[in-house]
Amino acid sequence: MKTTKTLKTTKTLLIIKYFGIAAAALVSIFWTGLPIGARTITLEEAVLTARANSVDAAVALNQLRTSYWTYRTYRADLLPEVSFNATIPSYRKSYSAYQLEDGSYTFVRNNFMQMNGEVSVKQNIWFTGGSLSLNTSLDWLRQLDSGASNRFMSVPIALTLNQPIFGVNHVKWNRRIEPIRYEEAKAQFFSSSEQVALNAVGYFFDLLMAKENLGIAQQNYDNSKKLHEVAIAKREMGQISRNDLLQLELNLLNAESSLTDRESNYRAAMFALKSFLDIEDDEDLEPAVPEEVPAGELDYADVLDKALANNSFSREIRRRQLEADYAVAVAKGNMRQINLFAQIGYTGTADNTLDAYNRLKDNQVVELGFSIPILDWGKRKGQVKVAENNRRVVESRIRKEQMEFNQDIFILVERYNNQRRQLEISQRADTIAAARYHTNLETFLVGKISTLDLNDSQLSKDESRQAMINQMYLYWRYYYQIRSLTLWDFANNSGIDTDIKAIIEGK
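Enquirer: Could you give me a rundown of the pairing of strand S4 (residues 130-143), with the residues and numbers involved?
Expert: Two strands pair when backbone bridges link them, and strand S3 (residues 105-125) and S4 are joined in this way by 14 bridges, in the antiparallel orientation. Directly across from Val119, in S4, lies its bridge partner Thr136. The turn linking S3 back onto S4 is made up of four residues, and Gly129 within it adopts a positive phi angle of 85 degrees.

Given below as structure tokens:
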């Protein structure tokens, strides 16, 4: 009787131990084991921080500044340029050859000091390709040998025209190309800014996935540990086989191995995000699952229209066409070169400054020079043909790129519209898989299902959670890809535009 009573007491203790372990296992089901005290960061915060602090954003800004000052330089070429040139002083003591009346040569020593200054105003003429300048100058010369004296030469005013004829008008072509190049650069900056946001989305979801995987691994490890303890108790009561006990022990070892691997991946993903956002290394981040998703379905025709109107691609196409036309014009202009140089004004010379300005004489120069090849074996004509064929190549490539651009827009819009449904399905599957695992865990604890069924529900739960995070990432990725291509904020139904000058000046 005493032995029977002892066995009953032992069995009762085992049952109490079993249910205590089981209760602890249920409590640990949703504990994630993530770092305590980490700063929560949302997707919106990550994107805003990336736009402000990331190296990619700084690169895009510096590229915009380069394009801005290039455009400013082009604009300055269209405005009058005022310059002052001077030599003060110039001293020379040298010998130069001099031919005598009988045809023989001798050497004459030159020993003099000279100073000069000139103020000029130059204006490029965009519609003719020439330039017009207004000059005034004063020269002073003093011989330093015996009988030294001063000489002054003044040019109170001189008007000079330099005009190429039949050649290519570089200024006119620049007026057509440079504004488009700058508009292209601005659009490229906004696209780069959206690309920064897209990269931030990638790093954010990498960390979010790593966090979820770590939480899953920690949960699975805790559950495996508790289930192993339950299995030991059940084995002592003879309720499970040794094979099931060994299987649960193997599950525990695999869970521990997965946990250490997921911890390493989590730290690596956090380091990558903090480096991209330029956040201090000693601050931990905990990404929050986005509660909202972007706007609803988009219309392909509307997206395409906005992309063609705003994207740098349309500006790039126009610029490349103009550059190809410009190359043909340059090749044709090089077939003959005629240049007109004309100058009218007044000049005066005297021994003193005042008389140099009082005794003025007309000063006129007219030159018409030309260079026309008589026999070049078709070299210049060949250059024109090369330029024309290069233009055809550019036009063919542009047509192909336009087709690919339209196709990429269509595919992207289709994927984006389909992704909302995919996300809804994955969220529902995640909820069902988690509930199924919870139910199977409780059922396993009372001994009504096998470890294989429990392992299957655990794997389904993990895969469903990972799939839901991945589907959410794809949704945001497609959204920012469309923003990058269209430069349009579909959430607010407004264009993505800011004060470029304020951005460049850092205001």
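Enquirer: Before we move on, could you go through the nonpolar core and cite the residues and values that matter?
Expert: Core analysis: the biggest nonpolar cluster contains 56 residues, and Val201, Phe205, Leu277, Trp476 and Tyr480 have the highest contact counts within it. No other element matches the 14 residues that helix H4 (residues 170-236) contributes to this core. Of all hydrophobic cores here, the second largest spans 16 residues; its members include Leu61, Tyr68, Ala187 and Ile504.

Enquirer: Mind laying out the environment of Val201, listing which residues take part and the relevant values?
Expert: Here Val201 shows up in helix H4. Linking Val201 and Glu44, residues 157 residues apart in sequence, is a C-alpha distance of 9.1 Å. If sequence neighbours within four positions are ignored, Val201 has contacts with Leu43, Val47, Tyr473, Trp476, Arg477 and Tyr480.

Enquirer: So what's going on with a nonpolar patch on the surface? Residues and values would help.
Expert: Side chains of Val82, Phe84, Val119, Val121, Leu132, Leu134, Ile157, Leu159, Ile344, Tyr346 and Leu360 sit close together on the surface and give an oily, nonpolar patch of about 940 Å² of accessible area. If you list the elements that add at least two residues to the nonpolar patch, you get strand S2 (81-99), S3, S4, strand S5 (150-165) and strand S7 (337-350).

Enquirer: Report on unusual backbone geometry, specifying residues and quantitative values.
Expert: That bond from Ile88 to Pro89 is cis: its omega, -10 degrees, falls within 30 degrees of zero. When you line up the elements, Pro89 lands in strand S2. The residue Leu487 is not glycine, and still its phi comes out positive at about 55 degrees. Secondary-structure assignment places Leu487 in the loop between helix H10 (451-486) and strand S9 (488-489). According to the relative accessible area criterion, Leu487 is buried, its value standing at 5%. You will see that Asn493, though not glycine, has its phi angle at about 55 degrees, which is positive.

Enquirer: Outline the side chain of Arg319, supporting the account with residue identities and numerical values.
Expert: Within the secondary structure, Arg319 sits in helix H7 (residues 312-333). Residue contacts for Arg319: discarding those within four places in its chain leaves Ile177, Ile180, Arg181 and Glu184.

Enquirer: Account for the packing of helix H6 (residues 300-310) against helix H9 (residues 379-445), naming residues and giving values.
Expert: At a closest axis distance of 10 Å, the pairing of H6 and H9 adopts a crossing angle of 135 degrees. Taken together, the axes of H6 and H9 are oblique relative to one another. Here the hand of the crossing between H6 and H9 comes out right-handed. Residues Tyr300, Val303, Leu304, Ala307 and Leu308 of H6 form the contact with H9, whose participating residues are Phe405, Asn406, Ile409, Phe410 and Val413. Among the residues making up the contact of H6 with H9, the classes are represented as nine nonpolar, one polar and no charged.

Enquirer: Which residues make up the packing of aromatic side chains, and what values go with them?
Expert: All chains considered together, the criterion is met by 17 aromatic pairs. With a centroid separation of 5.7 Å and 40 degrees between ring planes, the pair formed by Trp173 and Tyr326 is classed as tilted. Remark: Tyr326 occurs in helix H7 and Trp173 occurs in helix H4; sequence separation between them is 153 residues. Using a relative accessible area of 21% as the deciding quantity, one classes Tyr326 as partly exposed. Measuring from centroid to centroid gives 4.6 Å for Phe313 and Phe405, while their planes differ by 20 degrees, and the two rings are stacked. Taken as a pair, Phe313 in helix H7 and Phe405 in helix H9 lie far apart in primary sequence, 92 residues in all. Taken as a pair, Phe313 and Phe405 share a single burial class, namely buried. Over the ring of Trp126 we find Arg175, and its NZ or CZ is 4.0 Å from the ring centre.

Enquirer: Pulling in residues and values, what's your account of the pattern of salt bridges?
Expert: With the rule as written, the count across this model stands at 21 salt bridges. Residues Asp325 and Arg391 are paired through a salt bridge, measuring 3.1 Å at the closest nitrogen-oxygen approach. One end of the pair, Asp325, is in helix H7; the other, Arg391, is in helix H9, with 66 residues separating them in the sequence. In this structure, a network of salt bridges that share partners links the residues Glu178, Arg181, Glu184, Arg319 and Glu323.

Scoring rules and cut-offs
Residues numbered from 1 in each chain as written. Predicted model: local features only at pLDDT ≥ 70, side-chain atom pairs only at ≥ 80, totals over all residues. Heavy atoms only, no water. Pairing = 2+ DSSP bridges. Helix = DSSP H or I, 4+ residues; strand = E, 2+ residues; numbered from the N terminus. Core = buried A, V, L, I, M, F, W, Y, C linked by side-chain atoms within 4.5 Å. Buried < 20%, exposed > 50% of the residue type's maximum accessible area, 1.4 Å probe, protein only. Contact = heavy atoms within 4.5 Å. Patch = residues over 30% accessible without salt bridge, like charges linked within 9 Å, V, L, I, M, F, W, Y side chains within 5 Å. Areas by Shrake-Rupley, 256 points an atom, 1.4 Å probe, with all protein chains shown as cover. Salt bridge = Lys/Arg side-chain N within 4 Å of Asp/Glu carboxyl O. Axes fitted to C-alpha atoms, helices over the stretch in contact; angles between N-to-C directions. Parallel < 35°, antiparallel > 145°, perpendicular 65-115°, else oblique. Left-handed = near helix turned anticlockwise from the far one by under 90°. Nonpolar A, V, L, I, M, F, W, Y, C, P; charged D, E, K, R; others polar. Phe/Tyr/Trp six-rings, centres within 6.5 Å; stacked < 30°, edge-to-face > 60°. Lys NZ or Arg CZ within 6 Å of the ring centre and 35° of its normal.

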